[in-house]
Amino acid sequence: MPYETSVPFSAGSDGYASFRIPACVRAPDGSLLAFAEGRVNSSGDTGHIEIVSRRSGDGGRSWGGLSVVASYGTGTAGNPSPVVIPAGEDGKAGGRIVLVFVTNAAEATEERIRRGEVSAEDGRRVWVQESKDSGVSWSAAREITASAKLPQWRWYATTPGHALRLTRGPHEGRLVVPANHSLPPEGDDDGTDGRYNGGHDLLSDDGGGTWRIGYTDDNPDGWVNVNETTAAELPDGRLYFNTRTEGTAPERRADAHSEDGGESLVAPFEPQPLLTAPVVEASVLQLHDPDVLLFSAPGDPEERRRMTLRASFDGGGSWWAVHTVDERPAAYSDLVMADGHTLGLLYETGAEGPYDTVTFRRIPVAELADG
């Protein structure tokens, strides 16, 4: 069957050479808000990069004009991690969107940061800002690096993709932002090896006012290298975390659970052999009618192509492929409920390469439930 598809971001438009790193949320007013990194000069990860957004009032079928949400001079503002606080649930009638993101100086490449060659001022810093009008306007950014990043950590990134607001149990209302970092090297190493990757999450129990670090998982044995991480709240109140890894384990995905709202993990991340993907960011989303955990990522084991949705009915223990988007090149993605019966997938794809566009696909939930 044909699927409704739109293209909120296309390389070479609106003054940007490319758009990458999608994130998407359903705002308090019901509109969809699509975020991306607007990369001014190239598709590279360093340089003049801004966080941009477009709003949709019709479930992702069409999109309004582009707006700049966050910038850092000619440096990098990226890894958008938005989370929605619904209307009336924090004492504010209209609801809010809280956005956590990172910055660094234009010349501060990941390799230089990992080597320890960049000052704290120019390295990765963590910020938060909010919108009280469903993404039409945004507050000034407020730095939270001191509470979100340990002094010894070098590289740092928020998820990217949507973050969580917990809805059940003793931690109801808590904001959870998965994140990752790199450790200083041992011996004569320079810190660029993947085994120094580690993961953690950021927690806020006051609607984004204050933040602290929850779990940490960093073990430089090289088996699992926790990197870009996504999370979902399961029906039983546990949190499910899924991460990209480039360790010596043959799998490229690993996962873990938390039973205390992200304060700690039940056990360290372990390889997940049932999720075939290349080394890439992914997204998870828990649906509640039916109760199914969804995972989006390219389905090819080596190349960034064949965007695929998988489903788990047991909290991430087992997985089945339920929808292949298409066979084209594809990379990063984020999942969102477009409306009460339609899933939305915001993902990088293109005919020539995975970074040609950031595309939005509407998929009926009933079709996924049928497998």
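An account of the accompanying structure is given in this report. Here the structure is a predicted model, which is why all the values come from computation and not from measurement.

## Here we look at the overall build of the chain
(1) Moving on: A tally of regular secondary structure across the chain gives 3 helices and 25 strands.
(2) Moving on: Against the 2.2 N^0.38 benchmark of 21 Å for 371 residues, the chain shows a C-alpha radius of gyration of 19 Å, consistent with a compact globule.
(3) Moving on: If you line up the chain on its principal axes, its C-alpha atoms span 55 × 45 × 40 Å.
(4) Moving on: For the chain, the residues scored as buried account for 57% of the 371 residues in total.
(5) Moving on: Within the chain, contacts between residues at least 6 apart in sequence are counted, and of these 55% link residues at least 24 apart.
(6) Moving on: Taking the average location of the 33 positive side-chain charges in the chain and that of its 56 negative ones, the two points are 3 Å from each other.

## As for unusual backbone geometry
(1) Moving on: The residue after Thr 159, namely Pro 160, is reached through a cis peptide bond having omega -20 degrees.
(2) Moving on: Here Pro 160 shows up in the loop between strand 10 (156–158) and strand 11 (164–165).
(3) Moving on: For the bond running from Asp 289 to Pro 290, omega is 10 degrees, close enough to zero to count as cis.
(4) Moving on: Residue position: Pro 290 is located in the loop between strand 19 (283–288) and strand 20 (291–298).
(5) Moving on: Within the chain, Asn 79 stands out as a residue other than glycine whose phi angle is a positive 50 degrees.

## As for the sheet that holds strand 24 (residues 342–349)
(1) Moving on: If you walk across this open sheet you meet the 4 strands as 1-25-24-23, and the pairing is antiparallel. Edge positions in the open sheet fall to strand 1 (5–10) and strand 23 (330–339), since each of these has one partner strand only. Averaged over all pairs of adjacent strands, the angle between strand axes in this sheet comes to 20 degrees, irrespective of strand direction.
(2) Moving on: Relative to strand 25 (residues 357–364), strand 24 runs antiparallel, the two sharing 8 bridges. By the bridge assignment for strand 25, Thr 342 is matched with Pro 364.

## Looking at the side chain of His 181
(1) Moving on: Here His 181 shows up in strand 12 (residues 175–182).
(2) Moving on: Of note is the side chain of His 181, whose polar atom sits 2.8 Å from the side chain of Asp 218.

## Considerations on the pattern of salt bridges
(1) Moving on: Overall, the coordinates contain 30 salt bridges when judged by the stated rule.
(2) Moving on: Between Arg 244 and Glu 246 there is a salt bridge; the shortest N-O distance is 3.4 Å.
(3) Moving on: Owing to a relative accessible area of 42%, Glu 246 belongs among the partly exposed residues under this scheme.
(4) Moving on: A network of salt bridges, in which partner residues are shared, links Arg 20, Glu 37, Arg 39, Asp 45 and Glu 348.

Rules used throughout
- Residues numbered from 1 in each chain as written.
- Predicted model: local features only at pLDDT ≥ 70, side-chain atom pairs only at ≥ 80, totals over all residues.
- Heavy atoms only, no water.
- Helix = DSSP H or I, 4+ residues; strand = E, 2+ residues; numbered from the N terminus.
- Rg over C-alpha atoms; globule rule 2.2 N^0.38 Å.
- Buried < 20%, exposed > 50% of the residue type's maximum accessible area, 1.4 Å probe, protein only.
- Contact = heavy atoms within 4.5 Å.
- Lys, Arg positive; Asp, Glu negative; His and termini not counted.
- Charge placed at Lys NZ, Arg CZ, Asp CG, Glu CD.
- Pairing = 2+ DSSP bridges.
- Axes fitted to C-alpha atoms, helices over the stretch in contact; angles between N-to-C directions.
- Polar contact = N/O pair within 3.5 Å; in protein donor to acceptor, adjacent residues only side chain to side chain.
- Salt bridge = Lys/Arg side-chain N within 4 Å of Asp/Glu carboxyl O.

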